[in-house]
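Chain by chain, the residues run as shown.
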Amino acid sequence: MSYGTPPPPPPPPPPPGGGYGAPPPSDGFPSSGGYGQQPGYGAPPPTPYGAPPPPPVQMPGPYGAPGGVGSSTPGAGALAQWPQRALGYIVDYALSIPGSILYFIGLPKTTTLTINGQTTASTSAGNLGLLLLGLVIMIAVWVWNRGIKGGQGQTIGRKMAGVTLVDANGAPLGTGKALLRDIAHILDSIICGLPIGWLAPLWDAKRQTWGDKVMNTYVLTVPK
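Notes on the structure in this doc start here. (Residues numbered from 1 in each chain as written. Predicted model: local features only at pLDDT ≥ 70, side-chain atom pairs only at ≥ 80, totals over all residues. Heavy atoms only, no water.)

Buried residues of helix H5 (residues 175–184): Ala-178, Leu-179, Arg-181, Asp-182 and Ala-184, and no others. Elements in contact with the buried residues of H5: helix H1 (82–94), helix H3 (128–151), helix H4 (156–161), strand S3 (163–166), helix H7 (210–215) and strand S4 (218–221). (Buried < 20%, exposed > 50% of the residue type's maximum accessible area, 1.4 Å probe, protein only. Helix = DSSP H or I, 4+ residues; strand = E, 2+ residues; numbered from the N terminus. Contact = heavy atoms within 4.5 Å.)

The two faces of S4 match: Tyr-218 and Leu-220 on one face and Val-219 and Thr-221 on the other face are all buried. Here S3 runs beside S4; their pairing, made up of 4 bridges, is antiparallel. Bridge pairing links Val-163 to Thr-221 in S4. (Pairing = 2+ DSSP bridges.)

Take Gly-147: it is sitting in helix H3. By relative accessible area, Gly-147 is classed as buried at 0%. For the pair Gly-147 and Gly-174, spaced 27 residues apart in sequence, the C-alpha separation works out to 7.6 Å. With residues near it in sequence (within four places) discarded, Gly-147 still touches Trp-142, Gly-174, Thr-175, Ala-178 and Leu-179.

Here we come to the packing of helix H2 (residues 97–106) against H3. Relative to each other, H2 and H3 sit at 155 degrees, their axes nearing to 7 Å. Our classification of the angle between H2 and H3 gives roughly antiparallel. H3 is crossed by H2, and the crossing has left-handed handedness. Contact with H2, carried on its side by Gly-99, Ser-100, Leu-102, Tyr-103, Ile-105 and Gly-106, involves Leu-128, Leu-130, Leu-131, Leu-133, Gly-134, Leu-135, Ile-137 and Met-138 of H3 and no other residues of that element. The class makeup of the residues in the contact of H2 with H3 is 10 nonpolar, 4 polar and no charged. (Axes fitted to C-alpha atoms, helices over the stretch in contact; angles between N-to-C directions. Parallel < 35°, antiparallel > 145°, perpendicular 65-115°, else oblique. Left-handed = near helix turned anticlockwise from the far one by under 90°. Nonpolar A, V, L, I, M, F, W, Y, C, P; charged D, E, K, R; others polar.)

By the element assignment, Tyr-218 lies in strand S4. Using a relative accessible area of 3% as the deciding quantity, one classes Tyr-218 as buried. In this structure, the C-alpha to C-alpha distance between Tyr-218 and Gln-208, residues 10 residues apart in sequence, is 6.6 Å.

The next subject is the environment of Ala-86. Residue placement: Ala-86 occurs in helix H1. On a C-alpha basis, the gap between Ala-86 and Ala-161 in space is 8.7 Å, while along the polypeptide they are 75 residues apart.

Assignment of secondary structure puts His-185 in the loop between H5 and helix H6 (196–199). Beyond its immediate chain neighbours, meaning those up to four positions away, His-185 contacts Tyr-89, Trp-198, Thr-209 and Gly-211.

This part takes up the packing of H3 against H5. Packed helices, taken two at a time, are described by the angle their axes make and the gap between the axes. Where H3 meets H5, the closest approach of the two axes is 7 Å, and the angle between their N-to-C directions is 120 degrees. Of the possible angle classes, the one that applies to H3 and H5 is oblique. At the point where H3 passes H5, the crossing takes the right-handed sense. Of H5, the residues touching H3 (which contributes Trp-142, Val-143, Arg-146, Gly-147, Ile-148, Gly-150 and Gly-151) are Thr-175, Ala-178, Leu-179, Arg-181 and Asp-182. Looking at the contact of H3 with H5 residue by residue, the class counts come to 5 nonpolar, 4 polar and 3 charged.

Encoded structure:
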């Protein structure tokens, strides 16, 4: 610099506020990471080259089972096996035995007596009080256990067997439909009085009885 030459002008000041997320400039000029160089708001970080893509999210199938209707995958949400269903029925209908005994005792009974080749028959009046009490107990147990509790999914028998009852959407049936399903089970014994429909879960792909097919219901396994 020769004598008498004016000094160079100072560098321009940095832009107001500096770059978005950029470090303050050291030489008075914006750095390469200045405003406008950052990725867009909310953009995910770049995936390293050659990294495998994330696995897809697997949504559960209908009725809580991974394979949906017809899945036989063991574990919660799988279609229940026939022995489990049979155990639930046995326990549920055993609850009505006390009422059935009272009802039987209260029924009028006919007694036959044979003396010297002559047979006479006599009929007792029965006990109307015991008969009505037994009938009320049986109906109350059926409505409470098979209707109210069964409509929520599990009767006492189903809970012991580790199964639950749901509709086609995987939801509980409600009291009315649960009781109607029990009535629909009449179809399971309609052929010559044989319980063929009750055995249908042994070979049916969806493990349904005929009553289940009418009501479109499913029995699934759940943790005990």
